[in-house]
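In case you want the letters, here they are:
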Amino acid sequence: MVGPGQAVLSDAVAESVAVHGYWTRSRKAGLVYLLAGVFAAVVFGLATPAHETARFTLSVRSNGAGIDLPARVFAVAFGVVCVLVGAGMLGGYLKRRFGASTAVAVTAFVLSFLCWQIAGHFLPLVGLAQQTLYLAVPLILGSLAGVLGERSGVINVAIEGQLLTGAFCGALFGSIFASAWVGLVAAALGGGLIGAILAVLAIRYLVDQVVLGVVLNVFAMGVTGYLYDRFMQPNSAAYNTPPIFGQLKIPLLADIPVIGPVLFQNTIITYLAIVLVVIVTLALNKTRWGLRTRAVGEHPTAADTLGIRVRLVRYRNVIIGGLIAGVGGAALTIGSVGQFGKDMSAGRGFIALAALIFGRWSPTGALAGALLFGFADALQSYLTSMNSVIPSQFLTMLPYIATILAVAGLVGKVRAPSADGKPYVKS
Amino acid sequence: MSSDDEKPADDSGAAGHTPGRDDEPTGQPTPASRAGDPDAKPTGGTPKAQDGKGGTPKARDGKAGDPRRTRTAIVIDALTTANTATVTVLAVVLALVVGALVIALSDQQVLDSMQYFFSRPGDTFSAAWQAVSTAYAALFTGSIVDPETLNYAWWGMASWTQVLTPISETLTYAAPLIGTGLAVGLAFRAGMFNIGAQGQAMMGAIGAGLVGFVLPWPPVIGVIAAVLGGLLGGSIWGLIAGWLKAKFGAHEVITTIMLNYIAAPSFVTWLVVQHGIQQPGRNDPISKPVVDNAQLPHLFGSGLRANLAIILVVAAAIGVSWLLRRSTLGFEFRAVGSNPNASRTAGINIDRTYLLVMIFAGALAGLGGAAIVLGNTPNSITPSVVGNIGFDGITVALLGRGKPVGTVLAGLLFGALQAGASQMQVTSQIPLEVSTIIQSLIVIFVAAPALVKAVFRLRAQRVGTIGQNLAKGWNG
């Protein structure tokens, strides 16, 4: 994203370590946006054919209501917006509005990039939004699992393994019982099983939680891969052709233009994900359970003194988290293509973890993070299908690069729950 | 420390000694307890895995400490106490037992005979025994030696090459694992969890492969250049993660895994289909093969796959051991690993340390990747050339407790497991993933010594476990 500005950036950062006074975080970010904006205006501007238009449509197809923009002009214009925001931050004018300025700068950069990419083509905004939500579902559920565990003080790096196990169980039991609902339940239980192993080993046997999570991922990869080779692949008609959840249109609401097709025309798992975000948010902040969870995650000794059973709260949260992540895994198989494939979660568990950190351990923040990465993924697959000049292999890097940028640059100083990762030993 | 030693001695009641007697002569710890010291001690002299090997030195030392105990009693005592060596061995046993269950329960004949389990339970058990014994026999003959071939060779009916094939396979599988294991282990010692060995190994394979076919190299120089290319490729990938951690505080668990996916499949799939890199006449993603002079020479003749890679990684392990124990830089690594804040106060530049650790770690993983491209046919870069060695390297490093010697031993063990697993696939059609399952189980059991202690009812003692330097979570 930064391109030629990178060397300058690292110099600037190196300097700022010595003199912290002038080079605040906002100024550093401003410099990056400034350089990125110049890059966008010049490179994307010049690369865009002069007389093409970029068409953004408010539907899933090329026709219908839409906006036609002269591609080159707007590629440059959005780059300039990015430059202006960057300059403002560098000059110290926007230091109170870091989040908003960042959002504007990043959006402008992305739009400039899009004007270049879809010059002479079209971008169906509604289709893109649908795809974003669809691809974000496993991430949303995975990061919710993380929220539940980590707010109570247990780090969950095993989200990847839970997604994979959920996806596997969903496909397997869905096929055996010829029912997507059975698959969904089995997927939840599969994720819950990994969650239970994590809970017992982390809480009872005090194993380092990050190490444990990574090893459980390897374990889940091994078990699902083994069973896939042993049973699923040789006999895929019986074991790997689960029925899938169709799209459930909510009457009336689905007919609202733009919002309707995006929000109210999804599979049951997507609705479940959105509902769970709301439930977990409310539960964490408004219920006794939520208060206890937060207490245990921040100061277990104090919570214990007040009679809260620290380990019990942690067990319950980690296992419930596993169940939720298992449902997220189901979204990969019975909520989508149906078939299971080896290692099909492809790092989504770790992206969910990044979304969790990006969202500062809150369910809504995690939702925002998950949507961001879902967007990167959706954009990637659309541009690939459009035969973009950028090689498709580089486009597939987009979600991963977005994750790194988010964790490295946009998040800033984060604070995990104080007791996160520390086993509680009653003294 | 000394009070720790007495406990098992008292419990065993080997000889009727008085506590007073016990206290007086020792002062120095018995080896059993030394082996049990936690990793966190940065000055820890001898690596544990070495300590824990075999009962003989233990018995001798113990005898010197307390002349009245019989040798047998001391050996039994050492074996039934939950020290690091015992826990490691029992963890392997336990994992193999669970592996056997997995094999038995996924065997078609076992499943068939389970249909009528209650009328003829014997069938199920004999089928299960059949499945497991065949599989584990293949595990042994595929990784150590096949007694039958040995017998034939003895009478001159088979060549010794055939006898040595399993060992050669084990060494071939072990070399890359030791490389990535060292990469993960070194980072561990500096308090970082490098789960990016997979991507670093991929970039190492790319670096080694590109250098290896770009020029018609002369002998010797070609190998050196290609290996250096591998080190460079891996270290660049490590550098990125280290830089992100040092400058932005980005947690390495997330950045390294993202870098894994960027390296493979994304980057490598693009790279190997480029003109000049793709193998002429091929449509699939595969690069030109490395020239002969840049390939790692075979150690025991062309009939056996074992090559120079194993020597290189052992040399690397010795280098890492020297670095950690004898050099200032290594001291800084360990200091930062033990307590970053104290290190900063003491004047260590911890950002620089993070950067350097990741560069070194990347280079080691790169060596692992290079070992595959330069050592094994088809000697080309493909998207899946490094297999799963990065993730396996995590298990190797965890089992080796981050120590170089332990990592080499763990790498040999897991190399044997993988060599045996591929033999198992041939004879019993058991998927290769069985080795992944067993590996991860071993590490889980080793990481939870309390669990192993409970299963085998061992007496309690402090056991060196893994990840103690890491238990910091996101805020650390």
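Given the structure is predicted, the values throughout are model-derived calculations rather than measurements. (Residues numbered from 1 in each chain as written. Chains lettered and ligands numbered in written order. Predicted model: local features only at pLDDT ≥ 70, side-chain atom pairs only at ≥ 80, totals over all residues.)

## What about the overall build of chain A?
Keep this limit in mind: Working definition: helices are DSSP H or I runs of at least four residues, strands are E runs of at least two. Numbering for both runs from the N terminus. Throughout, the radius of gyration refers to the C-alpha atoms, and the reference size of a globule is 2.2 Å times the residue count to the power 0.38. Labels follow a simple rule on C-beta atoms placed from the backbone: if 20 or more others lie within 10 Å of a residue's own, it is buried; if 12 or fewer, it is exposed; otherwise it is partly exposed. What counts as a contact here is a pair of residues whose C-beta atoms, placed from the backbone, lie within 7 Å.
Of the regular secondary structure elements, chain A holds 18 helices and five strands. Rg of the C-alpha trace for chain A: 23 Å, near the compact-globule value of 22 Å for 427 residues, within the 12% margin. C-alpha extents for chain A along the principal axes are approximately 60 × 55 × 40 Å. Here chain A holds 427 residues, and the buried ones make up 56% of them. Considering only residue pairs separated by 6 or more positions, chain A has 76% of its internal contacts joining residues 24 or more positions apart.

## A look at the overall build of chain B
Secondary structure summary: chain B contains 22 helices and zero strands in total. By the burial criterion, 55% of the 476 residues in chain B qualify as buried. A sequence separation of at least 24 residues applies to 76% of the contacts in chain B between residues at least 6 apart.

## Quick look at the interface of chain A and chain B
Convention followed: The classification used treats Ala, Val, Leu, Ile, Met, Phe, Trp, Tyr, Cys and Pro as nonpolar, Asp, Glu, Lys and Arg as charged, and all other residues, Gly among them, as polar.
At the interface, 45 residues of chain A touch 45 residues of chain B. Counting only elements with at least two residues in the side of chain A that touches chain B, the list comes to helix H8 (209-232), helix H15 (348-358), helix H17 (392-395) and helix H18 (398-410) of chain A. With 15 residues, H8(A) is the single largest residue contributor to the side of chain A that touches chain B. In terms of residue class, the side of chain A that touches chain B is made up of 31 nonpolar, eight polar and six charged.

## Notes on the sheet that holds strand S2 (residues 66-70) of chain A
Residue and element names in this part refer to chain A. Operational definition: Here, any two strands with at least 2 DSSP bridges between them count as paired. Note on method: axes are straight lines fitted to C-alpha atoms, helices fitted across the in-contact stretch only, with angles between N-to-C directions ranging 0 to 180 degrees.
Ordered in space as S2-S1-S3, the three strands form an open sheet in which the pairing is mixed. Two strands bound the open sheet, and with one partner strand each, they are S2 and strand S3 (122-124). Each neighbouring strand pair of the sheet contributes to a mean axis angle of 15°, computed without reference to strand direction. Note that strand S1 (residues 53-57) and S2 share five bridges and pair antiparallel. Bridging across to S2, arginine 55 finds its partner in aspartate 68. Its contacts with the sheet place helix H3 (residues 71-90) against S1 and S2, and it is angled at close to 85° to S2.

## Some details on the domain arrangement of chain A
All names here are of chain A. What counts here: Note that the domain bounds were set by an automatic or database domain assignment.
For chain A, the assigned domains are domain 1 (5-120) and domain 2 (126-390). Computed over C-alpha atoms, the centres of domain 1 and domain 2 are 33 Å apart. On the side of domain 2, five residues touch domain 1, which itself brings four residues to the contact. Classifying every residue of the side of domain 1 that touches domain 2 gives two nonpolar, two polar and no charged.

## A look at unusual backbone geometry
A cis geometry characterises the amide bond from Ala264(B) onward to Pro265(B), with omega recorded as 10°. Turning to its location among the elements, Pro265(B) is positioned in helix H14 (residues 252-271). Look at Arg360(A): it is not a glycine, yet its phi comes out positive at around 50°. If you trace the backbone, Arg360(A) turns up in the loop between H15 and helix H16 (363-385). Given 15 C-beta atoms within a 10 Å radius, Arg360(A) is considered partly exposed. Backbone geometry at Arg401(B) places phi at a positive 55°, although glycine is not the residue there. Judged by the 25 C-beta atoms lying within 10 Å of it, Arg401(B) is buried.

## A word on the nonpolar core
Note the following rule: Put simply, a nonpolar core is buried Ala, Val, Leu, Ile, Met, Phe, Trp, Tyr and Cys residues tied into one set by C-beta atoms within 7 Å.
Cys82(A), Cys115(A), Leu144(A), Ala187(B), Ala205(B) and Phe445(B) are the most contacted members of the largest nonpolar core, which has 277 residues in total. Membership of the second largest hydrophobic core comes to five residues, among which are Ala295(A), Val296(A), Ala303(A) and Val310(A).

## Side note on helix H6 (residues 71-80) of chain B
Short version of the rule: Note that the arc is defined by the directions from the helix axis to the C-beta atoms.
Of all the positions in H6(B), only Ile74(B), Asp77(B) and Ala78(B) are classed as buried. Projected down its long axis, H6(B) carries its buried residues within an arc of 95°, all on one side.

## Things to note about the packing of helix H11 (residues 160-189) of chain B against helix H15 (residues 309-326) of chain B
All names here are of chain B. Operational definition: These descriptions rest on fixed angle ranges, namely under 35 degrees for roughly parallel, over 145 for roughly antiparallel, 65 to 115 for roughly perpendicular, and the rest for oblique. Two helices cross in a left-handed way if the nearer one is turned anticlockwise from the farther one by less than a right angle. They cross in a right-handed way if the turn is clockwise.
Viewed as axis vectors pointing N to C, H11 and H15 meet at an angle of 20°, and their least axial separation amounts to 8 Å. By the criterion of interaxial angle, the relationship of H11 to H15 is roughly parallel. Taken as a pair, H11 and H15 cross one another with a handedness that is left-handed. For the pair formed by H11 and H15, the contact residues are Leu171, Ala174, Ala175, Ile178, Gly179, Leu182, Leu186 and Arg189 on the first element and Ala309, Ile310, Val313, Ala316, Ala317, Val320 and Leu324 on the second. Looking at the contact of H11 with H15, its residues break down into 13 nonpolar, one polar and one charged.

## So, the pairing of S1(A)
One ladder, built from three bridges, connects S1(A) with S3(A); its direction is parallel. Along S3(A), the bridge assignment pairs Arg55(A) with Phe122(A).

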